[in-house]
Amino acid sequence: MAIGDETNESTSRHVNAPVAPAVFPIIDHNHPLFLQPTDTPGSLLISLQLTSLDNYALWSRSMRIGLLGKSKLGFVNGRYPKSKFELEFHEQWEKVNVVVLSWMNVVCPGLLSSVVYTSNAHKVWEDLKDRFDKVNRSRVLYLHRDIHTLTQGTMNVADNFSKLSDLWDEFDALMPCPGCLCQESKKYAEHFEYHRLLQFLLGLNDTHPLARNQIMMMILVPSINKAYSLLMDVESQRNLANFTQMVQMTEVANINALYGNKNPTLGNG
């Protein structure tokens, strides 16, 4: 056999040889690198935009809750670095990291450079933390003042409660209350809740004395949400009564006007 024939035969055998299928790592829903079909860039809905030091605490808490719900908090707190996974998982880690980075884009344009030019979600998180995660004592002081001086004024109960809740949320984000599962911590939480109930009730207008007294005379101290619900019911009934009275007065005025038009000489004698 000629050398050329041997070469062609060898090449033919090489071309026809079966190719081993690619083996991909198995990742189930319990694996930290697993992505749901809905885990796409921009799918983490965080309504609060990071704009400054003042709202970093609220933004970071919202992000942590959102990432925890997606089982991806470990990508920003350093629990799941790339080095923790085998080489065969590195490509999938990069994919998840990019998705998490896209979720962190909820920042104002002036801060986007911290996200755009960094390819690691954990590094972005730490950078923002170093720049903004400081207890702003002046802000805490102002929040404490606003909470204790807030009054209903011209607001309705719903708007007043919403504004007070926002102040509480920001205060808690800056000064989180320590706690554990022990009985003493439970008692402290109940005391803390009662203190805020008093803040809410004391800030209401004097048009709610009866409802306020009924809440304070309850055998079991109601939660803030329960007290809010009771006050909303009272306000709704009052608004309905005022509306009914206004309609009745309007009808009487219309009748008098109509009667006056039919008797133009009335009162001229």
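Draft legend 1. Structural view of the confidence of the model for the protein chain. A residue-level look at the protein chain finds 72% of positions with pLDDT of 70 or above and a mean pLDDT of 78. Mean pLDDT across the secondary structure elements of the protein chain bottoms out at helix H1 (residues 3-16), with 52, and peaks at helix H3 (residues 90-103), with 90.

Draft legend 2. Region of the structure containing unusual backbone geometry. The phi dihedral of Ser-71 is positive, around 60°, even though this residue is not glycine. Within the secondary structure, Ser-71 sits in the loop between helix H2 (56-69) and H3. According to the relative accessible area criterion, Ser-71 is partly exposed, its value standing at 48%.

Draft legend 3. Main features of the pattern of salt bridges. Evaluation of the coordinates by the stated rule reveals six salt bridges. Arg-139 serves as the salt-bridge partner of Glu-170, at 2.8 Å between the closest nitrogen and oxygen. Of the two residues, Glu-170 is situated in helix H7 (residues 157-174) and Arg-139 in helix H6 (residues 137-149); the sequence distance between them amounts to 31 residues. Two residues, Asp-172 and Arg-196, come together in a salt bridge whose shortest N-O distance is 2.8 Å. Of the two residues, Asp-172 is situated in helix H7 and Arg-196 in helix H8 (residues 183-202); the sequence distance between them amounts to 24 residues.

Conventions used here
Residues numbered from 1 in each chain as written. Predicted model: local features only at pLDDT ≥ 70, side-chain atom pairs only at ≥ 80, totals over all residues. Heavy atoms only, no water. pLDDT = per-residue confidence, 0-100. Helix = DSSP H or I, 4+ residues; strand = E, 2+ residues; numbered from the N terminus. Buried < 20%, exposed > 50% of the residue type's maximum accessible area, 1.4 Å probe, protein only. Salt bridge = Lys/Arg side-chain N within 4 Å of Asp/Glu carboxyl O.

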